[in-house]
Amino acid sequence: MKRATKYLGRIGIGALIIALIAGAGGAFYFKSYLPKTVAPRSFPQIDGEIRLDGLDGAVDIYRDNMGIPHIYAASTQDLYFAQGYVHAQERFWQMDAWRHIGSGRLSEMFGSGQVETDTFLRTLGWRVTAEKEWEGMGTESRAILQSYTDGVNAYLKDHNGDAVSLEYAILGLLSPDYKIQPWEPVNSLTWGKAMAWDLRGNMDEEIERAVLLKTLTPEQVSQLFPDYPKDHPVIVNSIGEGTSASTTESYASAVNIPDETLAAIEHNASLLDPMLGPLSDGIGSNSWAVSGALTDTGKPLLANDPHLGIQMPSIWYQMDMHCMPKSDQCPLEVAGFSFAGVPGIIIGHNADIAWGFTNVGPDVMDLFIEKVNPENPNQYEVKGKWVDFETRQETINVVGGDPVNVTVRLTRHGPVISDAYGPLKDQGDPKDKQFQAFKDRAGVELPQNYVIALAWTALTPSTPFEAIWGFDKAQNWDEFRAAAKNFHVPAQNLLYADTQGNIGYQMPGDIPIRARGDGTVPVPGWTGEYDWTGYIPFDELPYTFNPAEGYIVTANNQVPPQSYPYLITRDWDYGYRAQRITEMINSAPGKINIAYIQKMQGDSMDLGAQALLPIWNQIDYRAATPNQAYALDLMKKWDTNSTADSKAAAVYQWFWWNLLQNALNDNLPERYAASGGSRYFEVTRRLVQSPNDPLWDDKTTTDKVETRDDIYIASLVETVNQLEKQYGKDTAKWPRWGELHTATFRNATLGESGIGPIESLFNRGPVETSGGQSLVNATGWDVGDSFQVNWLPSMRMIVDLSNLNNSVTVHTTGESGHAYHPHYDDMSKMWAAIQYYPMWWDESSAIEDAPSHLKLTP
């Protein structure tokens, strides 16, 4: 998580670990004893018979050669029970860490270094919301969660400590009093909040805009947040009519909040990044469905690869669950990808339909500035009247330390998130220039006393898992759409195909309708002018069924056409991946088959480079050195494929890094330095068409006004100098892209400890990868940080609706969450090479490929 100071250095036991590492026995302990003696204790039993209380009948579990479990039972209760049992066998450390995140209880595992994170989580109240969801659930949903919970606890009943996972051996040194607690149904529900946060939308952009508006004009901010490009595809081509206010108009009425306030909010929002991954321009996904009219089988093919932060083990756990026999009383027959800790299959297929997800990224978070009563800090203003804050008391238990008490304040818009930050101030100085700037720009005076409240749809009780359980059983489009009505947050692009030959798309979710504004900047909360007045009705959300094009592509690009009457967001992905996927479908050499879909998922064509490299033909430049000439010639002749073996790709991406920073960073605060991705693809694609735009000027020079051409040349020179310094002047020794662009899979807790011997127990890699930012093969990295992969296609799936047994897939690491298990990292090289394994559906195929058979009996 937050490096050693967070986990080890702040509690005394950290010194014990460091002493153990430094001692004579340290090498033996970490390199031999833990891997060879301790780790195998937690490897799951996969053969034979286990008798368990709580089952109605026998359950058969066959694990195939990739370790994928295929579960067969006579009742849905037993299927969910067995799923919980298997999840606990393979991934309980992951489940335990996730439930401590969801409940704001990380300090109970890792000590005082996590109090700040827990305070933020308690402020958001994920656990409180999940408890309300559990209380309001119907009988069927509660039964699913309870059966799953019983299965998890059946495993924990007979396993503890390092018999559950190797991580607990290390945790025993950190937190010797820590004991694994039984699983609760609400632990599954909090994971829905964690995913909603991971895919949260535009709160970060809202803060960034507010900061940039302090030093840039609304027009310049619009340049840095351009509108969605008209030459890139939208998902649904025709629906409704209407108009909406311009973004520049919203910027003009922005509230000018003091910078330290915005910095503190941003800091708190980043506290979960080490565990859940940072919000990035590339977090999203690809999916597309091709109708039978375009395929070699005459039936649809559906492809999906969700893009999420890199981690170890994989966020996904693949499995299938079959009622034997299938009946009205036991209708479940489903295969695909689950979350360890949650019952059901999140993405996959059943006997009739297949579905995939990509993130919509709707604007479902708003920051409200609430005016506080200067005479009574327990009150805030609502439309001219003072009302009391609601409060909630929270106690954070800290292993090895004293409990910490937290008071959470709540407004009608949501929790007060400014209370969670040490550097934040509720008091303001009316003489400060920030106040005057706000008054001048917005025509409203910023209150002397204020707090910041967060409105977020995920804090209203609802769970996406009820929709998921509906998808698992749906037999047609109508049943799929009916289930989608329960998918409130995080809103996903739901892609659909079925064995009857249909393809479809539905956007679900609670999307706010605002009385005023567009959610792009923080707004006054005391007037009521910017309040949410409701949500877009489900029947008016975008959808399409069997479109004339014969295919549907979703890649976090804009969903509706410009004429759509409601605002979903202004912060779409800019559609470069969607554009490339559409191009490949339309240029297929013949009927599309699975092999062609595999090629598409591995496509590393850089459309951003295609927009920027031709500019060199407009620049009058003669290279000053042979290596500058070599680098420029390499880029000009490059086919723009960012494959691992390409030296030209390495030179270009290095040049892109320097070009972006040299062009824009002197205009930006350090914490908002240009980082790449689709937004900056679009910013630079437009900017290069204006060679004398003021943004090109290097503000650090006073004797010259730089142009586009100057920045291009300076960036090339800088790139060559850096390559020569790091690799020498012999260009034969310059790196290939794969040598720079590697993926290291890190355990999100102890694997980020900062202590090498501990990290080496759990982390795996690096492996060379192709792809890059905003490419179809979306192995992301950040300009200004590192070429190393930080988010990626977390799995790739291709479903053949003509023969489900012909479907293929891969995910990033392996099925097992146990370090040193054969299936801990056996997929990573396959994933990097865009290779696949069978996604068995037929029972006979699964059994034939299964070296093990475990029977659970009552």
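Residues numbered from 1 in each chain as written. Predicted model: local features only at pLDDT ≥ 70, side-chain atom pairs only at ≥ 80, totals over all residues. Heavy atoms only, no water.

1. Section: helix α23 (residues 647-664)
Helical geometry: 3.6 residues make up each α-helical turn, so side chains three or four residues apart lie on a common side.
Here comes step 1: Between its terminal C-alpha atoms α23 stretches 26 Å, which fits the 26 Å expected from 18 residues at 1.5 Å a residue.
Here comes step 2: With 16 of 18 residues buried, α23 lies mostly within the body of the structure.
Here comes step 3: Looking at where α23 begins, the residue whose side-chain oxygen comes 3.4 Å from the main-chain nitrogen of Ala 648 is Ser 646. (Helix = DSSP H or I, 4+ residues; strand = E, 2+ residues; numbered from the N terminus. Expected span 1.5 Å × (residues − 1). Buried < 20%, exposed > 50% of the residue type's maximum accessible area, 1.4 Å probe, protein only. Polar contact = N/O pair within 3.5 Å; in protein donor to acceptor, adjacent residues only side chain to side chain.)

2. Things to note about the nonpolar core
It is characteristic of soluble globular proteins that their nonpolar side chains tend to be buried jointly.
Here comes step 1: Ranked by internal contacts, the top residues of the largest apolar core, which has 167 residues, are Phe 92, Trp 456, Phe 471 and Leu 856.
Here comes step 2: With twelve residues, helix α4 (residues 76-102) is the single largest residue contributor to this core.
Here comes step 3: Aside from chain neighbours lying at most four places away, what touches Leu 856 is Ile 50, Leu 52, Leu 55, Gly 57, Ala 58, Val 59, Ile 61, Ala 82 and Tyr 85.
Here comes step 4: Within the second largest apolar cluster, 57 residues are counted, among which are Ile 615, Tyr 680, Tyr 712 and Leu 723. (Core = buried A, V, L, I, M, F, W, Y, C linked by side-chain atoms within 4.5 Å. Contact = heavy atoms within 4.5 Å.)

3. A word on the sheet that holds strand β2 (residues 59-63)
Here comes step 1: Strand order across the open sheet formed by eleven strands is β1-β30-β2-β3-β6-β7-β8-β9-β16-β17-β21, with mixed pairing between neighbours. Of all strands in the sheet, those bounded by a partner on one side alone are β1 (48-51) and β21 (543-545). Recorded for the sheet is a direction-independent mean angle of 15° between the axes of neighbouring strands.
Here comes step 2: Of the pairings in the sheet, the one linking strand β9 (residues 353-359) to strand β16 (residues 492-498) comprises seven bridges and is antiparallel in character. Paired with Trp 355 across the two strands is Tyr 496, which belongs to β16.
Here comes step 3: Strands β7 (333-338), β8 (347-350), β9 and β16 of the sheet are contacted by helix α17 (residues 465-473), whose axis makes an angle of about 150° with β9. (Pairing = 2+ DSSP bridges. Axes fitted to C-alpha atoms, helices over the stretch in contact; angles between N-to-C directions.)

4. So, the packing of helix α8 (residues 139-156) against helix α10 (residues 185-198)
Helix-helix packing is described using two parameters, namely the angle between the two axes and the distance between the axes.
Here comes step 1: In contact at an axis separation of 8 Å, α8 and α10 are set at 110° when each is read in the N-to-C sense. For the element pair α8 / α10, the angle class is roughly perpendicular. Residue-level contacts link Leu 145, Gln 146, Tyr 148 and Thr 149 of α8 to Pro 185, Ser 188 and Leu 189 of α10.
Here comes step 2: Class assignment of the residues belonging to the contact of α8 with α10 gives a composition of four nonpolar, three polar and no charged. (Parallel < 35°, antiparallel > 145°, perpendicular 65-115°, else oblique. Nonpolar A, V, L, I, M, F, W, Y, C, P; charged D, E, K, R; others polar.)

5. Re unusual backbone geometry
Here comes step 1: Across the junction of Val 489 and Pro 490, the peptide omega takes the value 0°, indicating a cis bond.
Here comes step 2: Geometrically, the link from Gly 765 to Pro 766 is a cis peptide bond, its omega value of 5° lying close to zero.
Here comes step 3: Its place among the elements puts Pro 766 in strand β24 (residues 764-768).
Here comes step 4: Positive phi, close to 65°, is recorded for Asn 556, a residue that is not glycine.
Here comes step 5: Along the chain, Asn 556 falls in the loop between β22 (551-554) and α19 (576-586).
Here comes step 6: Asn 556 gets classed as buried once you look at its relative accessible area, which sits at 5%.
Here comes step 7: A positive phi is found at Ile 834, a non-glycine position, where the angle reads about 55°.
Here comes step 8: Within the secondary structure layout, Ile 834 lies in the loop between α28 (828-832) and β29 (837-838).
Here comes step 9: Accessibility expressed as a relative area gives 19% for Ile 834, which makes it buried.

6. Considerations on the side chain of Thr 190
Here comes step 1: With respect to the helices and strands, the residue Thr 190 is situated in helix α10.
Here comes step 2: Ignoring anything within four residues of it in the chain, the contact list for Thr 190 reads Gly 102, Ser 103, Trp 126, Arg 127 and Ala 130.

7. Here we look at the state of the cysteines
Here comes step 1: Applying the stated criterion across every chain yields a total of one disulfide.
Here comes step 2: A sulfur-sulfur separation of 2.0 Å characterises the disulfide bridge that pairs Cys 323 with Cys 330. Judged by the torsion about the S-S bond (-85°), the Cys 323/Cys 330 disulfide is left-handed. We note that Cys 323, like Cys 330, is buried. (Disulfide = S-S within 2.5 Å.)

8. Describing the confidence of the model for the protein
Low pLDDT marks stretches whose predicted atomic positions should not be read closely.
Here comes step 1: When pLDDT is averaged along the protein, the result is 91, and 89% of the positions lie at 70 or above.
Here comes step 2: Here residues 1-13 scores under 50 on pLDDT; set against residues more than four positions off or in separate chains, the count is 46 contacts.
Here comes step 3: Residue range residues 240-249 is modelled with pLDDT below 50. Its contacts to residues more than four positions away, or to other chains, number 21 contacts. (pLDDT = per-residue confidence, 0-100.)

9. Some words on the pattern of salt bridges
Here comes step 1: Summed over all chains, the structure comprises 33 salt bridges.
Here comes step 2: Here Arg 41 ties to Asp 162 by a salt bridge, and the two come within 2.9 Å at their closest N and O atoms. Of this pair, Arg 41 sits in the loop between α3 (26-38) and β1 while Asp 162 sits in the loop between α8 and α9 (167-174), and the two are 121 residues apart along the sequence.
Here comes step 3: The partly exposed category is assigned to Asp 162, whose relative accessible area is 22%. (Salt bridge = Lys/Arg side-chain N within 4 Å of Asp/Glu carboxyl O.)

10. Examining the packing of aromatic side chains
Here comes step 1: Following the criterion strictly, the structure yields 42 aromatic pairs and no others.
Here comes step 2: Between Trp 316 and Phe 339 the ring centres are 4.8 Å apart and the planes differ by 15°, which places this aromatic pair in the stacked class. Note that Trp 316 is positioned in the loop between β5 (301-309) and β6 (317-323) and Phe 339 in the loop between β7 and β8, a separation of 23 residues in sequence. Both residues of the pair, Trp 316 and Phe 339, count as buried.
Here comes step 3: Every member of this aromatic cluster is reached through a ring pair, and the members are Trp 355, Phe 357, Phe 471, Trp 477, Phe 480, Phe 487, Tyr 496 and Phe 545.
Here comes step 4: In this structure, Arg 142 packs its charged tip against the face of Trp 134, placed 4.0 Å from the ring centre.
Here comes step 5: In this structure, Arg 209 packs its charged tip against the face of Phe 225, placed 4.3 Å from the ring centre. (Phe/Tyr/Trp six-rings, centres within 6.5 Å; stacked < 30°, edge-to-face > 60°. Lys NZ or Arg CZ within 6 Å of the ring centre and 35° of its normal.)

11. Quick notes on helix α7 (residues 126-136)
Here comes step 1: Regarding α7, the residues found buried are Trp 126, Arg 127, Thr 129, Ala 130, Glu 133 and Trp 134. The buried residues of α7 occupy an angular sector of 160° when the element is viewed end-on, so they sit on one face. In this structure, α7 carries Glu 135 and Gly 136 as exposed residues pointing more than 90 degrees from its buried face. (Arc of directions from axis to C-beta.)

12. Some remarks on the packing of α8 against α17
Here comes step 1: In the contact formed by α8 and α17, the axes pass within 11 Å of each other and the chain directions differ by 90°. As summarised for this structure, α8 and α17 are arranged roughly perpendicular, according to the angle between their axes. Where α8 approaches α17, its residues Glu 140, Ser 141, Ile 144 and Leu 145 are matched on the opposing element by Glu 466, Trp 469 and Lys 473.
Here comes step 2: Of the residues in the contact of α8 with α17, the class split is three nonpolar, one polar and three charged.

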